[in-house]
Amino acid sequence: MQKASESNVKDLEDDCGFCAYMRKGPCGSEFTKWERCVEIHQERGNDFARKCVQVTRALTACMANNREYYDIPGISPDESTSNEHTQAGT
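Treat the numbers as computed from the prediction; the structure is a model and nothing was measured.

Definitions and limits used
- Residues numbered from 1 in each chain as written.
- Predicted model: local features only at pLDDT ≥ 70, side-chain atom pairs only at ≥ 80, totals over all residues.
- Heavy atoms only, no water.
- Helix = DSSP H or I, 4+ residues; strand = E, 2+ residues; numbered from the N terminus.
- Buried < 20%, exposed > 50% of the residue type's maximum accessible area, 1.4 Å probe, protein only.
- Contact = heavy atoms within 4.5 Å.
- Phe/Tyr/Trp six-rings, centres within 6.5 Å; stacked < 30°, edge-to-face > 60°.
- Salt bridge = Lys/Arg side-chain N within 4 Å of Asp/Glu carboxyl O.

1. Some words on the environment of serine 29
Moving on, step 1. Relative to the helices and strands, serine 29 resides in helix 3 (residues 28–43).
Moving on, step 2. Note: C-alpha distance between serine 29 and leucine 59 (30 residues apart in sequence) is 8.7 Å.

2. Concerning the side chain of histidine 41
Moving on, step 1. Along the chain, histidine 41 falls in helix 3.
Moving on, step 2. By relative accessible area, histidine 41 is classed as buried at 12%.
Moving on, step 3. Discounting chain neighbours no more than four positions away, the residues touching histidine 41 are Asn46, Phe48, Lys51 and Cys52.

3. What to know about the packing of aromatic side chains
Two numbers describe a pair of aromatic rings. These are the distance of the centres and the angle of the planes.
Moving on, step 1. The final tally for this structure, using the stated rule, is five aromatic pairs.
Moving on, step 2. When the ring of tyrosine 21 is compared with that of tyrosine 70, the centres are 6.2 Å apart and the planes differ by 80 degrees; the resulting orientation is edge-to-face. With a gap of 49 residues between them, tyrosine 21 in helix 2 (residues 17–24) and tyrosine 70 in helix 6 (residues 67–70) connect regions that are remote in the sequence.
Moving on, step 3. Accessibility expressed as a relative area gives 34% for tyrosine 21, which makes it partly exposed.
Moving on, step 4. Take tyrosine 70: its relative accessible area is 9%, and that puts it in the buried class.
Moving on, step 5. These aromatic residues form a ring-pair network of at least three members: Phe18, Phe31 and Trp34.

4. Things to note about the pattern of salt bridges
Moving on, step 1. All told, the structure shown has two salt bridges when counted by the stated rule.
Moving on, step 2. The shortest N-O distance in the salt bridge between arginine 50 and aspartate 47 comes to 3.3 Å.
Moving on, step 3. Residue class for arginine 50 comes out exposed when judged on its relative accessible area of 68%.

What is shown is where atoms sit, not what they do.
Written out as C-alpha cells, the structure is:
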C-alpha cells in the first residue's frame, strides 16, 4: 500500500512538467526531498519555508553546481540579486 504522500508525488509527476524536468536532472533527489518536505509541512499547517530550510539549501546548492542543466537562457541570477539589493537600498 502506498503512503498518501507517495501517491501525491506520483500524481504531481504525471501532471507537472516542471516537476518531471527537475526530477530527471542531476538534482532530482534533492528536488524530491524538498517537494516532500514542503508537502508534509503544508499538510500540517506549518511554515514550510522555515521547516524546509536545509533541503531548500541543498537543492539550491545542487542547482548552482549543475547550471548547465538548470540555467534559464537570458536570466542571470547574479544580475537579479544585485538589482534587488540596489532597489532595496534606494
